[in-house]
Amino acid sequence: MPVCAVDAEPMARDDHLPFRQATRLVNEYQLRVASVVLALTGRELYQVSTLLLIHRATIRDPSDLRVSFHGLAASLRRPSETVRRAVHGLVAHGFCERAERGVRRRPSFLAMPAIIAAEHRFREALGDLIDGLQRAGFALPAGLHDAPPSARVTAALDVQLCAVEFAQPGLGRPLDLYLLGVVSVLNAAKLTHDPALSQRYGTDHPVAPDALRCPATIADIAALDGFPRTTIWHRARAAEAAGALRRAPGGGYLLAEKFLHKDPSTAALDRSKIRYILRVFHDLAAGRSG
């Protein structure tokens, strides 16, 4: 398999990079990390990204304990009141304390057993993503696995939080974004992990037939992180009505056609996300992460 350059200009000109396989790997990574944080927050999706932002800010500047509601809302592109409710939930879980017009991280945040365990799983998931992208053909810089643990955690959080930055337009509710992420990962299980299939259908041009996709049932989706089946059923029906999901002939759900890179805007957004992640890895190798 040819090695792919990751410099910005060559990437912009080369239409044959395995961006689709990279997108599948990143989707799987982001679901894996989200599941870790969902377990910490009691399956409260609004709290997931908020806790990840607080975690990243703590690593970058442990001395500045206060985070404003306005800053969190701007980063998450959510109304301040929504972020306020998420923060109150994190206070109830013991991750932070109330502060005037914001939240105060606990001085012991990074020493909390739950956070230490989560960081281990973040680094593990990041290592698997790096290995997967290298197998797909991307030439990543050397030394990524040897970077300091805090830098690797920061990179892991940056890769996770770009799911918000590069979300498809119209997916305003976190549960909708989560639902599509789960369906995409379950649908693409064969394509992601079969080397022959991932290579054959790794670029934007060949579109894998539905016969190679695994339909995601309501039971499959609900079982992954413990959401109630009725909740998933209602959101899946809404996503189907909005044209984001489609029913498979034998049952279960498949992603809509527009998410299979048949829509140029979808393909462009995914390529931008992968380019951003590759820059995160270059910064990590250069010691600019953390």
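What counts, and at which threshold
- Residues numbered from 1 in each chain as written.
- Predicted model: local features only at pLDDT ≥ 70, side-chain atom pairs only at ≥ 80, totals over all residues.
- Heavy atoms only, no water.
- Helix = DSSP H or I, 4+ residues; strand = E, 2+ residues; numbered from the N terminus.
- Rg over C-alpha atoms; globule rule 2.2 N^0.38 Å.
- Contact = heavy atoms within 4.5 Å.
- Areas by Shrake-Rupley, 256 points an atom, 1.4 Å probe, with all protein chains shown as cover.
- Lys, Arg positive; Asp, Glu negative; His and termini not counted.
- Charge placed at Lys NZ, Arg CZ, Asp CG, Glu CD.
- Phe/Tyr/Trp six-rings, centres within 6.5 Å; stacked < 30°, edge-to-face > 60°.
- Axes fitted to C-alpha atoms, helices over the stretch in contact; angles between N-to-C directions.
- Left-handed = near helix turned anticlockwise from the far one by under 90°.
- Nonpolar A, V, L, I, M, F, W, Y, C, P; charged D, E, K, R; others polar.
- Salt bridge = Lys/Arg side-chain N within 4 Å of Asp/Glu carboxyl O.
- Buried < 20%, exposed > 50% of the residue type's maximum accessible area, 1.4 Å probe, protein only.
- Core = buried A, V, L, I, M, F, W, Y, C linked by side-chain atoms within 4.5 Å.
- Pairing = 2+ DSSP bridges.
- Arc of directions from axis to C-beta.

Draft legend 1. Representation of the overall build of the chain within the structure. Across its full length, the chain carries 13 helices and five strands. On C-alpha atoms alone, the chain measures out to a radius of gyration of 19 Å, which is about the 19 Å that the 2.2 N^0.38 rule sets for 290 residues. If you take every contact in the chain between residues at least 6 apart in sequence, the share linking residues at least 24 apart comes to 72%. Total accessible area on the chain stands at roughly 13400 Å², and carbon and sulfur atoms take up 53% of it. Mean positive and mean negative side-chain charge positions of the chain (37 and 29 charges, respectively) differ by 5 Å.

Draft legend 2. View of the packing of aromatic side chains. By the definition in use, this model includes three aromatic pairs. An angle of 55° between the planes, with centres 5.1 Å apart, marks the rings of Y178 and F227 as tilted. Remark: F227 occurs in the loop between α11 (218-225) and α12 (229-241) and Y178 occurs in helix α8 (residues 174-187); sequence separation between them is 49 residues.

Draft legend 3. Examining the packing of helix α3 (residues 45-60) against helix α7 (residues 149-165) more closely. Two numbers describe how α3 lies on α7: the axes approach to 10 Å, and their chain directions differ by 145°. Judged by the sense of rotation from one axis to the other, the crossing of α3 with α7 is left-handed. When α3 is examined against α7, the residues S49, L52, L53, H55, R56, I59 and R60 are found in contact with a partner set consisting of S150, V153, T154, L157, D158, Q160, L161 and V164. For the contact of α3 with α7, the per-class residue count stands at seven nonpolar, five polar and three charged.

Draft legend 4. Local environment of the pattern of salt bridges. Under the definition given, this model contains 12 salt bridges. The residue R235 makes a salt bridge to D176 at a minimum N-O spacing of 2.9 Å. Pair noted here: R235 is in helix α12 and D176 is in helix α8, with a separation of 59 residues, a long-range link. Here D176 falls in the buried class, since its relative accessible area comes to 12%. Put simply, D210 and R246 hold a salt bridge, and the shortest N to O gap is 2.8 Å. A residue pair is termed long-range when its members are at least 10 positions apart, and D210 in the loop between α10 (195-200) and α11 and R246 in strand β4 (residues 245-247) qualify at 36 residues. With a relative accessible area of 36%, D210 lands in the partly exposed category. For R246, a relative accessible area of 18% translates into the label buried. Put simply, D210, R213, R246 and E257 are held in one network by salt bridges that share partners.

Draft legend 5. Broad picture of unusual backbone geometry. Within the chain, R43 stands out as a residue other than glycine whose phi angle is a positive 65°. Counting through the fold element by element, R43 comes out in the loop between α2 (19-41) and α3. With relative accessibility at 39%, the residue R43 sits in the partly exposed group.

Draft legend 6. Structural view of the nonpolar core. In this structure, F122, L126, L245 and F281 are the most contacted members of the largest nonpolar core, which totals 82 residues. Tallying contributions element by element places α2 first for this core, with 10 residues.

Draft legend 7. Inspection of the sheet that holds strand β2 (residues 96-99) at higher detail. Here three strands make up an open sheet; going across it, the order is β1-β3-β2 and the pairing antiparallel. With one partner strand each, in any of the chains shown, β1 (66-68) and β2 form the two edges of the open sheet. Taken pair by pair, the neighbouring strands of this sheet meet at an average axis angle of 30°, ignoring direction. With four bridges joining them, β2 and strand β3 (residues 102-105) adopt antiparallel strand pairing. Note that in β3 the partner of R98 across the bridge is V103. Packing of helix α4 (residues 69-76) onto the sheet brings it into contact with β1 and β3, and relative to β1 it is tilted by some 60°. Strand contacts of helix α5 (residues 80-92): β2 and β3, with the helix running at about 130° to β2, the strand carrying the most contacts.

Draft legend 8. Structural detail: α4. Of all the positions in α4, only F69, L72, A73 and L76 are classed as buried. The buried side chains of α4 occupy one side of the element, clustering within an arc of 100° when seen end-on. Exposed residues pointing more than 90 degrees away from the buried face of α4 are listed as H70 and A74. If you follow the buried residues of α4, they end up packed against α3, β1, α5, β3 and α7.

Fair warning: the whole summary comes from geometry, so function is off the table for now.
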